[in-house]
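Inside the fold
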Amino acid sequence: LNKDRLPRLRDRTEWDQKARKMVTRPLAFRQYLHLEVPEHRKALSRLLMADHPFAVEQLRRYCPRRRVLHELRVCRFCCLDGMVEDEVHVLLDCPDARLVTLREACMLDLYRSLDAVVRMRRDLDGRHFLLAILSRPVLLPRFAAYVASVFELCADVPMRNVPSAEPSAGGS
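Below: a short report on this structure. In this convention, every chain numbers its residues from 1, walking through the sequence in written order. Since the coordinates come from a predicted model, pLDDT governs what is reported: local features require at least 70, and pairs of side-chain atoms require 80 or more to be given and counted, while whole-chain, interface and lining totals use all residues. Calculation of side-chain values draws on the structure's entire complement of heavy atoms; hydrogens and water are dropped beforehand.

Here we look at the overall build of the chain
Here a strand is any run of E in DSSP of at least two residues, a helix any run of H or I of at least four, and the numbering for each starts at the N terminus. Looking only at helices and strands, one finds seven helices and four strands in the chain. When the elements of the chain are put in sequence order from the N terminus, they spell out β-β-α-α-β-α-α-α-α-α-β. By sequence separation, contacts in the chain at least 24 residues apart represent 58% of the contacts at least 6 residues apart. For every accessible area listed, the method is Shrake-Rupley and the probe measures 1.4 Å; residues are considered covered only by the protein chains on display. Carbon and sulfur atoms make up 53% of the accessible area of the chain, which amounts to about 9500 Å² in all. Whether two residues are in contact is decided by their heavy atoms, any of which lying within 4.5 Å being enough.

Regarding the environment of methionine 120
Tracing the backbone shows methionine 120 in helix α5 (residues 116-123). For the pair methionine 120 and leucine 130, spaced 10 residues apart in the sequence, the C-alpha separation amounts to 9.6 Å. If sequence neighbours within four positions are ignored, methionine 120 has contacts with Phe129, Ala132, Ile133, Arg136 and Leu139.

Observations concerning the side chain of aspartate 86
When you line up the elements, aspartate 86 lands in the loop between β3 (66-67) and α3 (87-93). Once residues lying within four places of it in the same chain are set aside, the contact partners of aspartate 86 are Phe54 and Val56.

Some words on the nonpolar core
In terms of nonpolar packing, the biggest core is built from 40 residues, with Leu44, Phe54, Phe77, Leu91 and Phe143 touching the most fellow members. Going through the elements one at a time, α1 (38-48), α3, α4 (97-113), α5, α6 (126-134) and α7 (140-156) are the ones with two or more residues in this core. By residue number, the principal contributor to this core is α7, which donates 10 residues. In this description, a nonpolar core means a group of buried Ala, Val, Leu, Ile, Met, Phe, Trp, Tyr and Cys residues linked to one another through side-chain atoms lying within 4.5 Å. Only protein chains enter the calculation, and the probe is 1.4 Å; a residue is then buried if its accessible area is under 20% of its type maximum, exposed if over 50%, and partly exposed in between.

Points about α6
The buried count for α6 comes to seven of nine residues, which makes it a mostly enclosed element. Among the residues of α6, those classed as buried are Gly126, Phe129, Leu130, Leu131, Ala132, Ile133 and Leu134. Packed against the buried residues of α6 are α1, α3, α4, α5 and α7. What qualifies as a polar contact is a pair of N or O atoms within 3.5 Å, subject to a donor-acceptor requirement within protein and to the restriction that residues adjacent in sequence count only when both atoms come from side chains. Put simply, aspartate 125 is the residue that caps the front of α6, since its side-chain oxygen is 3.2 Å from the backbone nitrogen of arginine 127.

Quick notes on the pairing of strand β2 (residues 21-24)
Pairing between strands is defined by DSSP: at least two bridges between them are needed. Inspection of the sheet shows strand β1 (residues 13-16) paired to β2 by four bridges, in the antiparallel sense. Bridge pairing in β2 places tryptophan 15 opposite methionine 22. Counted between consecutive antiparallel strands, the loop separating β1 from β2 contains four residues, among which arginine 20 sits at a positive phi close to 55°.

Things to note about unusual backbone geometry
A positive phi angle, close to 55°, is found at alanine 50, a residue other than glycine. Inspection of the secondary structure assignment puts alanine 50 in the loop between α1 and α2 (55-58).

Digging into the pattern of salt bridges
Within this document, salt bridges are pairs made up of a side-chain nitrogen of Lys or Arg and a carboxyl oxygen of Asp or Glu, the two lying within 4 Å of each other. Taken as a whole and judged by the stated rule, the model has seven salt bridges. A salt bridge links arginine 76 to glutamate 85; the nearest nitrogen and oxygen atoms lie 2.8 Å apart. Both residues of the pair, arginine 76 and glutamate 85, count as buried. Linking aspartate 123 and arginine 122 is a salt bridge whose minimum nitrogen-to-oxygen distance equals 2.9 Å.

Below, the structure written as structure tokens:
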């Protein structure tokens, strides 16, 4: 498992309300599968399965014979050199005004839903903050709506021109 990707479902922990702690359940029915809006449920599934529209994954698969280097999978929104378009960057950090507007509305709702979100955002790095959000059922509907909106924006904004790739020596 690539350390830069969100962990696969078998590696995820989730909040157990009865035990009042984080637990690992490899064969559990995931809370996000209970989401009522199919588009939101699909968006979270795609995010967790690394089947999302972000350049970090799309350009990993770009050309089977030639690999686009990780550091060349630059964000289509901010276009900052060396800023890889991955889950954490797009969902939490990208300074693009369109993403900031979506993110601020989502974060405000998340903060209102659970007081601990403010502390989690302050204390956790981006990857672990995303995992914490995904582990709290009360936060999933709003976060899923946000992810779906970001995916729609990705569909409207083309990826940057793909730089020349190096011959592949294997996976990403």
